[in-house]
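# Summary of structural features
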Amino acid sequence: MTADTTTRIAALRTDPAMSLLHRSLDVYYGDAERDARMDAFYSRFVAEGDLVFDVGSHVGDHIASFRRLGARVVAVEPQPLCLRALRAIYADDDQVTLVGAVCGAAPGSTRFHVNSANPTVSTASPDFMRAAEGAGGWEGQVWDADIEVPVVTVDTLITEYGEPTFAKIDVEGFEDEVLAGLTRPLPALSFEFTTIARPVASRCLDRLTVLGFDGFDVALGDDKSMTFQRWVSATDMATHLAALPHSANSGDVYCVRDRHRTGT
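Residues numbered from 1 in each chain as written. Predicted model: local features only at pLDDT ≥ 70, side-chain atom pairs only at ≥ 80, totals over all residues. Heavy atoms only, no water.

Another aspect to go through is the pattern of salt bridges. If you walk through the whole model with that rule in mind, you get 13 salt bridges. The partner of E148 in a salt bridge is R111, with the nearest N and O atoms 2.9 Å apart. Placement of the pair is E148 in strand β6 (residues 145–152) and R111 in strand β5 (residues 108–114), with a sequence separation of 37 residues. For E148, a relative accessible area of 45% gives the class partly exposed. Linked through salt bridges whose partners overlap, the residues forming this network are R34, D61, D222 and K224. (Salt bridge = Lys/Arg side-chain N within 4 Å of Asp/Glu carboxyl O. Helix = DSSP H or I, 4+ residues; strand = E, 2+ residues; numbered from the N terminus. Buried < 20%, exposed > 50% of the residue type's maximum accessible area, 1.4 Å probe, protein only.)

Here you go:
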């Protein structure tokens, strides 16, 4: 991170107009040990000169990691406040392309449901909001604003920017819709799952199997540590996710093609 970037983040942290993102900026920027763990983890998927898609960028800490690894990044984020922060943080980086949209199954537009008090769980999925109602650990979450946002597909992004080596998909219960807009296998990707929306993860695994992915592992929460330390089948992953306790809450499933040639 350059000195200018650090200065811009510091300015965002004190900008009253960005108050709803102050907590995220504090959590996701400035922790050197976390940055090092993230970089070491993603280095198995991302190398110098690669292209990465970051679908659901929030305030961009994953963009920062992919850039430290030398990758170009196409970052997709629909929330105006988050986009404003991203434009400030990465203003001088011509290797970061920002796309103000939701990724979905088909081009067009959709209603996006904003959780103003906790923007990280804003979502394009009404089912996700219904699943959160009354769920343990989700008390007090309110989606208090709707905005109309463009929808792009991963296929469209590939046509415009090229095929990524890795794609990170973190979109609060809309991951299956993102994958419905992908019709070709990538070398590797990840998608977020939550224990309140397990059917979404099942649909993602089914879709990825159709696309030719055959190796899966999972990291729980924000812990960049694989559970199995080896690639397992989609069936084994589905069984594992179904058996997790509700308190596991969330994590990211990592997916590769040709698992027997891909190490972890």
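Next, the rest of the story.
The next subject is the sheet that holds strand β10 (residues 250–256). Within a sheet, adjacent strands bond to each other through the backbone by hydrogen bonds, running parallel or antiparallel. If you walk across this open sheet you meet the 7 strands as β3-β2-β1-β7-β8-β10-β9, and the pairing is mixed. Whereas interior strands pair on both sides, the edge strands pair on one side only; in this sheet they are β3 (96–99) and β9 (215–220). Taken over all neighbouring pairs, the strand axes of this sheet differ in orientation by 15° on average, direction set aside. Relative to strand β7 (residues 166–169), strand β1 (residues 51–55) runs parallel, the two sharing 4 bridges. If you follow F53 over to β7, its bridge partner there is A167. With respect to the sheet, helix α9 (residues 198–210) is in contact with β8 (188–194), β9 and β10, its orientation differing from that of β8 by roughly 160°. (Pairing = 2+ DSSP bridges. Axes fitted to C-alpha atoms, helices over the stretch in contact; angles between N-to-C directions. Contact = heavy atoms within 4.5 Å.)

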